[in-house]
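# Geometric and topological summary
Listed below are the residues making up each chain.
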Amino acid sequence: YTNPTKVITGVNTRWSYANVWDPKSINGGAPKYSVSLIIPKSDTKTIAKIKAAIEAAYGEGKSKLSNGKSVPSLSSIKTPLRDGDTDRPDDEAYANSYFVNANSITAPGIVDADRQQILTHSEIYSGIYGRASITFYAFNTKTSRGIACGLQNVQKLRDGDPLGGHSSAEEDFA
C-alpha cells in the first residue's frame, strides 16, 4: 500500500526552525514538534510529489473542507507548499526554493544516514540537510480551512551552515 498523501523529501532538503526535540506552542496552541523544510526549486521530483500529495489530500478531505453546501476549490484554500522567493524574499536560505512547514503533536523519529537513532541534541540544528517523511491532510477549523503538512520522521544526511547566526561553543572559543 502506498499512501498518496505521504512524501519523502529529497536529499538536498534543508531544515530551518528545526524543533524536533521539544514541542513548542505557537500562538497559545497545542505544543507541536515542527520543522521548515526548504526544498530547492531544482528538486522538481520532490516538488511534483508534494503537489500530487496535496491534491490527494484535497480529494480525500473534500467532506471535511465542505461548508455543508459546497467544497472550495483547491486554489482558493490554504496549502502548505510556499515559494521562498515570494514568501521569504529577505531570507537568503529560502532563495530559489519552495518550503513546507511540517508539524506534529507526536515526536518524530530522528535518524542519521545509516538509519541509526540520533540522541545528541546538538546534531540537529537549523541549516542541516536531510530527508523528512511528511503527510498532507485536509483541515477545517472555525478560522480557516485548507491542507496541512504533518511531520512523521526525519533523517539527517549532512551538516550545513547553521541558520539563525548561532555559533557553537567550539567556534566561539577557537
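Check the entry above for the structure.
Report follows, based on the coordinates. (Residues numbered from 1 in each chain as written. Predicted model: local features only at pLDDT ≥ 70, side-chain atom pairs only at ≥ 80, totals over all residues. Heavy atoms only, no water.)

So, about the overall build of the protein. Counting its secondary structure elements, the protein contains four helices and eight strands. Secondary structure elements in the protein, listed N-terminal to C-terminal, are β-β-β-α-α-β-α-β-β-β-β-α. Here the C-alpha atoms of the protein give a radius of gyration of 17 Å, agreeing with the 16 Å that 2.2 N^0.38 yields for 174 residues. The C-alpha extent of the protein, read off along each of the three principal axes, is 65 × 35 × 30 Å. When contacts within the protein are restricted to residue pairs at least 6 apart in sequence, long-range pairs at least 24 apart make up 69% of them. Element-wise, carbon and sulfur atoms account for 49% of the exposed surface of the protein, whose accessible area totals about 10200 Å². (Helix = DSSP H or I, 4+ residues; strand = E, 2+ residues; numbered from the N terminus. Rg over C-alpha atoms; globule rule 2.2 N^0.38 Å. Contact = heavy atoms within 4.5 Å. Areas by Shrake-Rupley, 256 points an atom, 1.4 Å probe, with all protein chains shown as cover.)

A few words now on the pattern of salt bridges. Pairs can form between side chains of opposite charge once their charged atoms are near each other. This structure, assessed with the given rule, holds five salt bridges. Note that aspartate 87 is salt-bridged to arginine 82, the shortest N-O span being 2.5 Å. Its relative accessible area of 37% is what places arginine 82 among the partly exposed residues. Ionic pairing is found between lysine 156 and glutamate 123, a salt bridge with its closest N-O pair at 3.7 Å. Note that lysine 156 is positioned in strand S8 (residues 145-158) and glutamate 123 in the loop between strand S6 (109-111) and strand S7 (129-140), a separation of 33 residues in sequence. Through salt bridges that share partners, Lys41, Asp83 and Asp85 make up one connected network. (Salt bridge = Lys/Arg side-chain N within 4 Å of Asp/Glu carboxyl O. Buried < 20%, exposed > 50% of the residue type's maximum accessible area, 1.4 Å probe, protein only.)

With that settled, the discussion passes to a positive patch on the surface. On the surface, a cluster of positive charge is contributed by Lys45, Lys49, Arg115 and Arg131. Tracing the chain through its elements places arginine 115 in the loop between S6 and S7. For arginine 115, a relative accessible area of 67% corresponds to the exposed category. (Patch = residues over 30% accessible without salt bridge, like charges linked within 9 Å, V, L, I, M, F, W, Y side chains within 5 Å. Lys, Arg positive; Asp, Glu negative; His and termini not counted. Charge placed at Lys NZ, Arg CZ, Asp CG, Glu CD.)

Side chains of a nonpolar character, in soluble globular proteins, are inclined to be buried together. Leu37, Ile50, Val100, Ile134, Phe136 and Ile147 are the most contacted members of the largest nonpolar core, which has 29 residues in total. Listed by contribution, the elements that provide at least two residues to this core are strand S2 (14-24), strand S3 (32-40), helix H1 (44-60), strand S5 (97-104), S7 and S8. Ranked by residues supplied to this core, first place goes to H1 with six residues. Setting aside residues up to four positions removed in sequence, isoleucine 50 forms contacts with Val7, Ile39, Leu81, Val100, Ile134 and Phe136. (Core = buried A, V, L, I, M, F, W, Y, C linked by side-chain atoms within 4.5 Å.)

Vacant regions in the atomic arrangement are exposed by a probe of water-molecule size rolled over the atoms. Volume-wise, the largest pocket comes out at about 900 Å³. In this structure, the largest pocket is lined by 28 residues; those nearest its centre are Ile26, Lys32, Asn101, Asn103 and Ala148. Elements with a contribution of two residues or more to the lining of the largest pocket: S2, S3, S5, S7 and S8. Classifying every residue of the lining of the largest pocket gives eleven nonpolar, twelve polar and five charged. (1 Å grid on protein atoms, 1.4 Å probe; cavity = no way out; pocket = protein on both sides within 12 Å on 5 of 7 lines; lining within 4 Å. Points joined across faces, edges and corners; volume = space filled by probe spheres on them. Nonpolar A, V, L, I, M, F, W, Y, C, P; charged D, E, K, R; others polar.)

Let us look at the pairing of S5. Sheet analysis places S3 next to S5, joined by eight bridges and oriented antiparallel. Counted as the bridge partner of leucine 37 is valine 100 from S5. In the sheet, strand S4 (residues 82-83) pairs with S5 via two bridges, with the strands oriented antiparallel. When the bridges of S5 are listed, aspartate 83 appears paired with tyrosine 98. (Pairing = 2+ DSSP bridges.)

Turning our attention to the packing of aromatic side chains. The tally for this structure, following the rule as stated, stands at one aromatic pair. Both rings, one in tyrosine 94 and one in phenylalanine 99, keep their centres 4.9 Å apart while their planes meet at 80°; by these two values the pair is edge-to-face. Taking relative accessible area as the criterion, tyrosine 94 reaches 0% and is therefore assigned buried. Take phenylalanine 99: its relative accessible area is 2%, and that puts it in the buried class. (Phe/Tyr/Trp six-rings, centres within 6.5 Å; stacked < 30°, edge-to-face > 60°.)

Note that every value here comes from positions in space, so none of it alone points to a role or purpose.
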